[in-house]
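# Secondary and tertiary structure notes
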Amino acid sequence: MQRRTRGINTGLILLLSQIFHVGINNIPPVTLATLALNIWFFLNPLKSLYSSCLSVEKCYQQNDWQRLLLSPVHHADDWHLYFNMASMLWKGINLEKRLGSRWFACVITTFSILTGVVYLLLQFAVAEFMDEPDFKRTCAVGFSGVLFALKVLNNHYCPGGFVNVLGFPVPNRFACWVELVAIHLCSPGTSFAGHLAGILVGLMYTQGPLKKIMKACAGIFPSNAGYPGQQYYFNSSGSSGYQDYYPYGSPGHSEEAPRNYDAYTAGLSEEEQLERALQASLWDRGNTRNSPPPYGFRLSAEEEMRRRRLHRFDGQ
């Protein structure tokens, strides 16, 4: 398996263009770090694709378990990188805002490893059931399995609405399964088992015990105590930073939060969200003089009074 050579990495250029259109200051830190890591390993791979891809034969039979770490951050070509990271950009922004940066980092790390493990189990089971040893040799590489797991989370937190799959509206709760089949039919070379593994890991988190296990493990380490006491915030004016954040309303409030997040996405697709974000950015730049302070900053009572007096003076 060798990376296809290209005079110009058009996919990489488009990805960088999209990142700069959104604004680096508007991308939360873990999402930005994930994008940077995948771009870095595309430009400076630790190993060849053949030496980093994931298969039962290489991992289990040859005891090469480092591939669980290498395969998600290596991509076959620039377009493979572009489609995966463009999807990661919007999923990461939505989910990191929702979960907080520290927990989102735990989710990304756990999903990256666990998706590979589930992929190996699926390939081994199919090879044994069908008596086809070739399935043990099938090698997969890329971040798309993790993206399918994140898609399950995103649909879990935004249960209403529809998404377009090949021009057809599909309810959010079925979108992952429809996309799984659609991608395999349109691109037979993609890893069906890798994508399915991502969906199963996402369901283990939203419907199974994975979330509780992760929280129990996170509680062992003092640095994670109080999760998620901080959340990264950002806005289209370029302000960013951390603030105290409790996703379910107050410290110590347990489990299920209201899951209606249409207020954040309004049921828009990723492309529509990008267009709205760019429009909002242009509007903000033209209205910063009379606009309220950016989210995350608090005015003192005296500063607030001065701001109101200035507005009254301007109105006269």
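Everything numeric here is computed off the predicted structure, so don't read it as measured data. (Residues numbered from 1 in each chain as written. Predicted model: local features only at pLDDT ≥ 70, side-chain atom pairs only at ≥ 80, totals over all residues. Heavy atoms only, no water.)

A count of helices and strands for the protein chain gives 15 helices and four strands. For the protein chain, with 316 residues in total, the buried portion stands at 43%. Intrachain contacts of the protein chain at a sequence separation of at least 6 include 72% that bridge at least 24 residues. Total accessible area on the protein chain stands at roughly 17,700 Å², and carbon and sulfur atoms take up 60% of it. (Helix = DSSP H or I, 4+ residues; strand = E, 2+ residues; numbered from the N terminus. Buried < 20%, exposed > 50% of the residue type's maximum accessible area, 1.4 Å probe, protein only. Contact = heavy atoms within 4.5 Å. Areas by Shrake-Rupley, 256 points an atom, 1.4 Å probe, with all protein chains shown as cover.)

Glancing now at the packing of aromatic side chains. Inspection of the entire model under this criterion finds four aromatic pairs. Between Trp-79 and Tyr-82 the ring centres are 5.8 Å apart and the planes differ by 85°, which places this aromatic pair in the edge-to-face class. Here Trp-79 pairs with Tyr-82, and both are found in helix α6 (residues 78–99), just three residues apart, close to one helical turn. On the basis of relative accessible area, Trp-79 is assigned to the partly exposed category, the value being 27%. Their ring planes at 85° and their centres at 5.8 Å tell us that Phe-111 and Tyr-205 sit as a pair that is edge-to-face. Of the two residues, Phe-111 is situated in helix α7 (residues 101–130) and Tyr-205 in helix α11 (residues 192–206); the sequence distance between them amounts to 94 residues. We note that Phe-111, like Tyr-205, is buried. Note that Arg-98 overlies the ring of Tyr-157, its terminal NZ or CZ placed 4.3 Å from the centroid. (Phe/Tyr/Trp six-rings, centres within 6.5 Å; stacked < 30°, edge-to-face > 60°. Lys NZ or Arg CZ within 6 Å of the ring centre and 35° of its normal.)

Next up on the list: the packing of helix α10 (residues 172–186) against α11. Where α10 contacts α11, the axes come no closer than 10 Å and their chain directions differ by 170°. As far as their axial angle goes, α11 and α10 are roughly antiparallel. In this structure, α10 contributes Cys-176, Trp-177, Leu-180, Ile-183 and His-184 to the contact, and α11 contributes Phe-192, His-195, Leu-196, Ile-199 and Leu-203. Taken together, the residues of the contact of α10 with α11 break down into eight nonpolar, two polar and no charged. (Axes fitted to C-alpha atoms, helices over the stretch in contact; angles between N-to-C directions. Parallel < 35°, antiparallel > 145°, perpendicular 65-115°, else oblique. Nonpolar A, V, L, I, M, F, W, Y, C, P; charged D, E, K, R; others polar.)

Right, let's talk about the pattern of salt bridges for a bit. Counted by the stated rule, this structure contains five salt bridges. A salt bridge links Arg-67 to Asp-64, with the shortest nitrogen-to-oxygen separation between them at 2.8 Å. Its relative accessible area of 17% is what places Asp-64 among the buried residues. Among the charged side chains, a network of salt bridges with common partners joins Glu-57, Asp-134 and Arg-137. (Salt bridge = Lys/Arg side-chain N within 4 Å of Asp/Glu carboxyl O.)

With that settled, the discussion passes to the UniProt feature "transmembrane region" (unreviewed entry) in the protein chain. Here the UniProt feature "transmembrane region" (unreviewed entry) sits at residues 102–126 and 177–205. End C-alpha atoms of residues 102–126 are separated by 36 Å, and the span's content is 100% helix alongside 0% strand. Between the end C-alpha atoms of residues 177–205 the distance is 17 Å, and the span holds 83% helix and 0% strand. (UniProt positions renumbered as here; feature names shortened; annotations may be inferred.)

This next bit is on the side chain of Lys-91. As for its placement among the helices and strands, Lys-91 is situated in helix α6. Within the local environment of Lys-91, its side chain forms a polar contact with the side chain of Ser-87, the two groups lying 2.5 Å apart. (Polar contact = N/O pair within 3.5 Å; in protein donor to acceptor, adjacent residues only side chain to side chain.)

Both strand β1 (residues 162–165) and strand β2 (residues 168–171) contribute to a ladder of four bridges, which runs antiparallel. Bridge pairing in β2 places Phe-162 opposite Pro-171. Linking β1 back to β2 in an antiparallel pair, the connection comprises two residues, with Leu-166 at a positive phi of about 55°. (Pairing = 2+ DSSP bridges.)

Now for the environment of Val-178. For Val-178, the location among the structural elements is in helix α10. Residue classification places Val-178 among the partly exposed positions, given a relative accessible area of 32%. For the pair Val-178 and Val-165, spaced 13 residues apart in sequence, the C-alpha to C-alpha distance is 7.5 Å. Leave out the neighbours within four places in its chain, and Val-178 touches Val-165 and Val-170.

With 30 residues, α7 extends 43 Å from end C-alpha to end C-alpha; this agrees with the ideal 44 Å at 1.5 Å per step. Phi turns positive, to about 55°, at Asp-131, one or two residues after α7. (Expected span 1.5 Å × (residues − 1).)

Tallied over the entire structure, the rule returns one disulfide. At a sulfur-sulfur separation of 1.9 Å, the disulfide partner of Cys-53 is Cys-139. Taking the sign of the torsion about the S-S bond as the criterion, the disulfide between Cys-53 and Cys-139, at about 85°, is right-handed. Of the two residues, Cys-53 sits in the loop between α3 (49–52) and α4 (56–61) while Cys-139 sits in the loop between α8 (134–137) and α9 (144–157), which places them 86 residues apart along the sequence. The thiol sulfur of Cys-59 is not disulfide-bonded, and the nearest other cysteine sulfur, from Cys-139, lies at 7.7 Å. Between Cys-217, a cysteine without a disulfide, and Cys-106, which holds the nearest cysteine sulfur, the sulfur-to-sulfur distance is 9.8 Å. The class of Cys-217 is partly exposed, set by a relative accessible area of 39%. (Disulfide = S-S within 2.5 Å.)

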